[in-house]
Amino acid sequence: MESLDTVLAAHRAYLLGWNIGPVGGPDLATYRSDVPHPTLNGVLRVTGRTPQDALLEARRRLHGVPRVWWVGPDSDPGTADGLVSLGAVEFARLPIMTAVIDEAAEGPTPAGLHIAETTDLTAFVRAYARVSGIPADGVAATIEREKAFSGDGTVIRLAGRLDDGRVVGTAVAWLSHGLVTLYFVGTQPEQRRSGIGAAMTRAALRLAGERGARTAALTSSPIGESVYRRLGFRPVGEFRVLTF
């Protein structure tokens, strides 16, 4: 199992792949995609800076876009509380979860669901945008950023399609730092509770295992945690996600 530091480094590397703004140092790592969606712009890490100093610099770099602060085990202790004292609002506590790929639980793929790598970014982004809350006027920018993605690793995009070609499930497998990290695992609202999300996750794990990864990681939403636990993921840390 990879260390928590490695898991966090892979997470930072993925989100920095979206960045078109100033390149920050390890003391204040920020990323700016210009997509009008908070989780695609933000602060990844704060070390060796006071919350006040970090806030002033982050506001300069991220002015004009919605953004979040990911405050996890790789930020200085007290960072989240310091930001709250400056007016930040904590809107989520998200578990950082890992699993050993070879030990992940198997299961059936729902009937009529076909999962494969995709290069059709238009259909893929539209599907995950709807699930993730990216507004309609931000979809075009998201597609362009996906096309231009440049990170320290390999992005694999998996689409789950029905027989009629509709994309009803998505998953991004990010191969970096010797492990796979999962993003945009989602199911279209009309198809939920049918096992699609679990099937997308298992497919991503199998593919990553074939490419040499032994550990999988993700940051779970509260609604997804029970699904990931059944697949074999366990919490190893937590992000406090804040916004101003």
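Residues numbered from 1 in each chain as written. Predicted model: local features only at pLDDT ≥ 70, side-chain atom pairs only at ≥ 80, totals over all residues. Heavy atoms only, no water.

For the chain, the name recorded in an unreviewed UniProt entry is Acetyltransferase (GNAT) domain-containing protein, with Micromonospora chokoriensis as its organism.

Moving on: the domain arrangement of the chain. Many authors give the size of an interface as the accessible area that is lost as the parts come together. The domain boundaries assigned to the chain delineate domain 1 (4-95) and domain 2 (100-237). The centre of domain 1, based on its C-alpha atoms, is set 23 Å off from the matching centre of domain 2. Taken residue by residue, the interface counts 21 residues in domain 1 and 32 residues in domain 2. A combined buried area of about 2100 Å² lies between domain 1 and domain 2, and 71% of that area is made up of carbon and sulfur atoms. It is Y14, W18 and P95 that lose the most area in domain 1 upon contact with domain 2, and together they represent 33% of the buried surface on that side. There are zero salt bridges connecting domain 1 and domain 2. Between the two partners, domain 1 and domain 2, sit six residue pairs in polar contact (both at pLDDT 80 or more). Of all the secondary-structure elements, those providing two or more residues to the side of domain 1 that touches domain 2 are α1 (4-16) and β4 (89-100). (Domains from an automatic or database assignment. Contact = heavy atoms within 4.5 Å. Buried area = accessible area lost by both parts, 1.4 Å probe. Salt bridge = Lys/Arg side-chain N within 4 Å of Asp/Glu carboxyl O. Polar contact = N/O pair within 3.5 Å; in protein donor to acceptor, adjacent residues only side chain to side chain. Helix = DSSP H or I, 4+ residues; strand = E, 2+ residues; numbered from the N terminus.)

Our focus in this paragraph is the nonpolar core. Counting residues in hydrophobic clusters, the biggest one holds 37 residues, and the most contacted among them are Y14, W18, W70 and F184. Residue assignment places this core across two domains, with domain 1 (4-95) and domain 2 (100-237) each supplying three or more. Residues I156, V168, V180 and L182 belong to the second largest nonpolar core, which totals 29 residues. (Core = buried A, V, L, I, M, F, W, Y, C linked by side-chain atoms within 4.5 Å. Buried < 20%, exposed > 50% of the residue type's maximum accessible area, 1.4 Å probe, protein only.)

In this structure, F184 is a non-glycine residue whose phi angle is positive, near 50 degrees. Positive phi is not limited to glycine here, since R193 has a value of about 65 degrees. With respect to the secondary-structure elements, R193 resides in the loop between β8 (179-187) and α6 (196-210). Owing to a relative accessible area of 89%, R193 belongs among the exposed residues under this scheme.

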